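Results of the structural survey
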Amino acid sequence: MEEDLTRAFRKFDLSKSELEDVDLSSDDISEGIQDCRQSLVGRLIGERVAHFTGIKNFTNHAWGYPRNLTVTELGPNFFQFQLERGKDCEKILLGGPWIMDNQILVIKEWEVGCERKLHHFRFAHIWVQIWNLPVHWLCKSVGFKLEKIFRSVREVLVPLRGKVWETSEDYG
């Protein structure tokens, strides 16, 4: 098989125009960069490859049908989301987590070269709720100590304390 491939590649013959270099300056790509500035990129983390139409429908619905959302597939489970308004980008980045078919959609702001930086999609914000803590642990100081076990924390929410019910024995 290896020899067959080697023979096949030797048969390729490029024309003079195909052998010439193309020189792109920053002026040539500045329009494309400007178009991408108001966009997000997302990677669906999981074993299954998502269908483009499924991602498009999911994001439109989950993000409240942002005006003129354009979805482009950049690769398997890798998408660009172009939005018209900056406040939509902000809302999406602060929202979530975005879960589609039990797979997490990790969203980041677009940046030059993001197609090659797939390691940026290793982490996602998720909500964590800790149950069965003693009542006297429900305070901000304990919350801030518990946050240290996570890589990063956006905020700590502690529920307002409800009334502690008295037992019938307390009525004597």
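That block above? That's the structure.
Every value quoted in this text rests on a predicted model; they were computed, and no experiment measured them.

Moving on, we come to unusual backbone geometry. The phi torsion of most residues other than glycine is negative, and most of the peptide bonds are trans. Of note, the bond from Gly96 into Pro97 is cis; its omega dihedral lies within 30 degrees of zero at 10°. If you trace the backbone, Pro97 turns up in the loop between helix H5 (86–94) and strand E4 (98–100). Despite not being glycine, Tyr65 shows a phi value in the positive range, around 55°. Within the fold, Tyr65 resides in the loop between helix H4 (52–62) and strand E2 (70–75). Although it is not a glycine, Asn77 adopts a positive phi angle of roughly 60°. Within the secondary structure layout, Asn77 lies in the loop between E2 and strand E3 (78–82).

Once that is clear, we can look at the nonpolar core. Note on soluble globular proteins: their nonpolar side chains tend to be buried together. One finds Leu40, Ile55, Trp63, Phe81, Ile92, Leu105 and Ile107 to be the most contacted residues of the largest nonpolar core, which totals 16 residues. Put simply, the parts of the chain that give this core at least two residues each are strand E1 (39–45), E3, H5, E4 and strand E5 (103–109). When sequence neighbours within four positions are dropped, the list of residues in contact with Trp63 reads Leu69, Phe81, Lys91, Ile92, Trp98, Leu105 and Ile107. Formed by eight residues, the second largest nonpolar core is a distinct cluster that contains Phe78, Ile104, Cys114 and Phe121.

Turning our attention to the packing of aromatic side chains. Using the criterion set out here, one finds four aromatic pairs in the structure. Centre to centre, the rings of Trp63 and Phe81 are 5.0 Å apart; their planes meet at 80°, and the pair counts as edge-to-face. Of this pair, Trp63 sits in the loop between H4 and E2 while Phe81 is found in strand E3, placing the two residues 18 residues apart along the sequence. You'll find Trp63 and Phe81 in the same group, each marked buried. Ring centres of Phe78 and Phe121 lie 5.6 Å apart, and the angle between their planes is 80°; this geometry places the pair in the edge-to-face category.

What follows deals with the sheet that holds E5. An order of E2-E3-E1-E5-E4 is seen for the five strands of this open sheet, with the pairing classed as antiparallel. Of all the strands in the sheet, the pair left with one neighbour each is E2 and E4. The sheet shows a mean angle of 30° between the axes of neighbouring strands, taken without regard to direction. By the bridge criterion, five bridges tie E2 to E3 in an arrangement that is antiparallel. Its bridge partner being in E3, Glu73 is matched across the sheet by Phe79. The strands that H5 touches are E1, E4 and E5; relative to E5, the one it contacts most, it runs at about 135°.

For the rest of this paragraph, the subject is the pairing of E3. Counted residue by residue, E3 has four buried out of five residues, so it is predominantly covered. Here five bridges tie E1 to E3, and the two strands are oriented antiparallel to one another. Across the sheet, the residue bridging to Ser39 is Gln82, located in E3. The hairpin formed by E2 and E3 contains two residues between the paired strands, and Asn77 there has a positive phi angle of roughly 60°.

What counts and what doesn't
Residues numbered from 1 in each chain as written. Predicted model: local features only at pLDDT ≥ 70, side-chain atom pairs only at ≥ 80, totals over all residues. Heavy atoms only, no water. Helix = DSSP H or I, 4+ residues; strand = E, 2+ residues; numbered from the N terminus. Core = buried A, V, L, I, M, F, W, Y, C linked by side-chain atoms within 4.5 Å. Buried < 20%, exposed > 50% of the residue type's maximum accessible area, 1.4 Å probe, protein only. Contact = heavy atoms within 4.5 Å. Phe/Tyr/Trp six-rings, centres within 6.5 Å; stacked < 30°, edge-to-face > 60°. Pairing = 2+ DSSP bridges. Axes fitted to C-alpha atoms, helices over the stretch in contact; angles between N-to-C directions.

These results come straight from atomic positions and should not be treated as a statement about function.
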